[in-house]
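# Observations on chain architecture
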Amino acid sequence: MNLKETLFLRAKAEIDGFTSMGEDYDEEEKEIQRARYMGIYKVIIEAGLEDEYLAWRYEGKKICSL
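Residues numbered from 1 in each chain as written. Predicted model: local features only at pLDDT ≥ 70, side-chain atom pairs only at ≥ 80, totals over all residues. Heavy atoms only, no water.

To continue, consider the nonpolar core. Core analysis: the largest hydrophobic core is formed by 11 residues, namely L7, F8, A11, I15, Y37, I40, Y41, I44, L49, Y53 and W56. For this core, the secondary-structure elements that each account for two or more residues are α1 (3-19), α2 (27-46) and α3 (50-58). (Core = buried A, V, L, I, M, F, W, Y, C linked by side-chain atoms within 4.5 Å. Buried < 20%, exposed > 50% of the residue type's maximum accessible area, 1.4 Å probe, protein only. Helix = DSSP H or I, 4+ residues; strand = E, 2+ residues; numbered from the N terminus.)

What follows is the structure, given as structure tokens:
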């Protein structure tokens, strides 16, 4: 697994964690999870991988241009 794949999979895990949080979680816990995702997403943007990540996320989870 390369660094880009690791980054994309971690972002997916964090957003999945956030979106699956139900009423059992308080707002502070939800904000912590959202912040975890946003931190990883910021790295994706800064690395110039945002378009590739979004394509991967919404189009079958294939790592583009490897």
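Back to the write-up after that little detour.
Turning our attention to α1. Between its first and last C-alpha, α1 extends 24 Å over 17 residues, near the 24 Å set by a 1.5 Å rise per residue. Turning to α1, its buried residues number three or more, namely K4, L7, F8, A11, E14 and I15. Down the axis of α1, the smallest arc covering the buried residues is 130°, so these residues share one side. Against the buried residues of α1 lie α2 and α3. At the N-terminal end of α1, a side-chain oxygen is found 3.1 Å from the backbone nitrogen of K4, two or three residues along, and the residue is N2. (Expected span 1.5 Å × (residues − 1). Arc of directions from axis to C-beta. Contact = heavy atoms within 4.5 Å. Polar contact = N/O pair within 3.5 Å; in protein donor to acceptor, adjacent residues only side chain to side chain.)

In this section: the packing of α1 against α3. Any two packed helices are characterised by the angle at which their axes cross and by the distance between the axes. Following both chains from N to C, one finds α1 and α3 inclined at 60°, their axes separated by 11 Å at the closest point. For the element pair α1 / α3, the angle class is oblique. Crossing handedness for the pair α1 and α3: right-handed. Between α1 and α3, the contacting residues are K4, F8, L9, A11, K12 and I15 on the first element and E52, Y53, W56 and R57 on the second. Of the residues that constitute the contact of α1 with α3, the class distribution is 6 nonpolar, no polar and 4 charged. (Axes fitted to C-alpha atoms, helices over the stretch in contact; angles between N-to-C directions. Parallel < 35°, antiparallel > 145°, perpendicular 65-115°, else oblique. Left-handed = near helix turned anticlockwise from the far one by under 90°. Nonpolar A, V, L, I, M, F, W, Y, C, P; charged D, E, K, R; others polar.)

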